[in-house]
Structures are given as C-alpha cells and as structure tokens.
Amino acid sequence: MIKSWLIVIAFSGLLSVALGAFGAHGLNGKISESMLSAFQTATHYQMFHTLALLGITVLMSQLKTLPKGLVAACFLWLAGIIFFSGSLYGLALGGPNWLGPVTPFGGLLLMMGWVSLLIGSLQLKL
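Keep in mind that what you see is a predicted model, and the values were worked out from it rather than measured.

Trainee: Explain the side chain of Thr57 to me, please; I cannot follow it from the model alone.
Mentor: With respect to the helices, strands and loops of the structure, Thr57 is situated in helix 2 (residues 33-61). Residue classification places Thr57 among the buried positions, given a relative accessible area of 1%.

Trainee: For this particular structure, what's the right way to read a nonpolar patch on the surface?
Mentor: Among the surface-exposed residues, Ile82, Phe83, Phe105, Leu108, Met111 and Met112 lie close enough to one another that they form a single nonpolar patch of about 570 Å² accessible area. Looking at the nonpolar patch, the elements with two or more residues in it are helix 3 (68-92) and helix 4 (102-123). Here the nonpolar patch takes four residues from helix 4, the largest share from any one element. One can find Met112 in helix 4.

Trainee: Which parts of the structure should I look at to understand the packing of aromatic side chains?
Mentor: Two measures describe an aromatic ring pair: the distance that separates the ring centres and the angle between the ring planes. The full count for this structure, using the stated rule, is seven aromatic pairs. Ring pairs connect the aromatic residues Phe22, Phe39 and Tyr89, which therefore count as one cluster.

What counts, and at which threshold
Residues numbered from 1 in each chain as written. Predicted model: local features only at pLDDT ≥ 70, side-chain atom pairs only at ≥ 80, totals over all residues. Heavy atoms only, no water. Helix = DSSP H or I, 4+ residues; strand = E, 2+ residues; numbered from the N terminus. Buried < 20%, exposed > 50% of the residue type's maximum accessible area, 1.4 Å probe, protein only. Patch = residues over 30% accessible without salt bridge, like charges linked within 9 Å, V, L, I, M, F, W, Y side chains within 5 Å. Areas by Shrake-Rupley, 256 points an atom, 1.4 Å probe, with all protein chains shown as cover. Salt bridge = Lys/Arg side-chain N within 4 Å of Asp/Glu carboxyl O. Phe/Tyr/Trp six-rings, centres within 6.5 Å; stacked < 30°, edge-to-face > 60°.

Written out as structure tokens, the structure is:
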C-alpha cells in the first residue's frame, strides 16, 4: 500500500511542477489573468496536498496498524486534487462550464481529508 501511494505522490508532484511551468510559460498572455490565477491556484493546491500525502504516507510506513482516518485522508486528498485542481485546470484551458460547480466539491473533499487526518490522529496509539 505504501509503495502504491508513493507512486501516486511522485506522479502528482511531477504533474504539479510540469503544469505550474506550463502555466507560467505557456499560458501567460494566452488566457485571461483571472484564468491564469485559477490555474496557479490549482497547481499550488495540488502541490500542498501532494506534500501532505507524502508526509502522511511516511508516517503510515512507520506504524504497525493504520488508523482508518489516516487512510481516508489519503483517499480524500487524492480525490480533492482531482476534482479541485482538475476542474480549475479544465476551466482555465477552456473546458465546459459544468466544471465550475465541481471546484467547490473538490475543495470540500480536501477539507474532509484534513478532518480525517484529525480523526486518524486521535486514533493513534503512540
């Protein structure tokens, strides 16, 4: 399980940096400032949560039993990255308008991940 998460994390981090560079160099002047800002927000949130995933995965690798809250946080953050950042990438690149309502849903998933981390932390027996 840890190896699978590390592969997902590595891919997400790579994608975040690549998309950040694309936004800064490939989109500057080609999309509106508000859409460029949304694209940058997507890359920032993706990287922040990728690093959070890395931290929790390192923690889980040291535990004998995995609290369900920690595992849930990983899945919620991954889903949040996909829905929050993915919808912002899509909107900035001219995707359909129905992506707009997806963004807050993704943000809610990210927040639920933090709540799950709290719950999982309370479940730890250290």
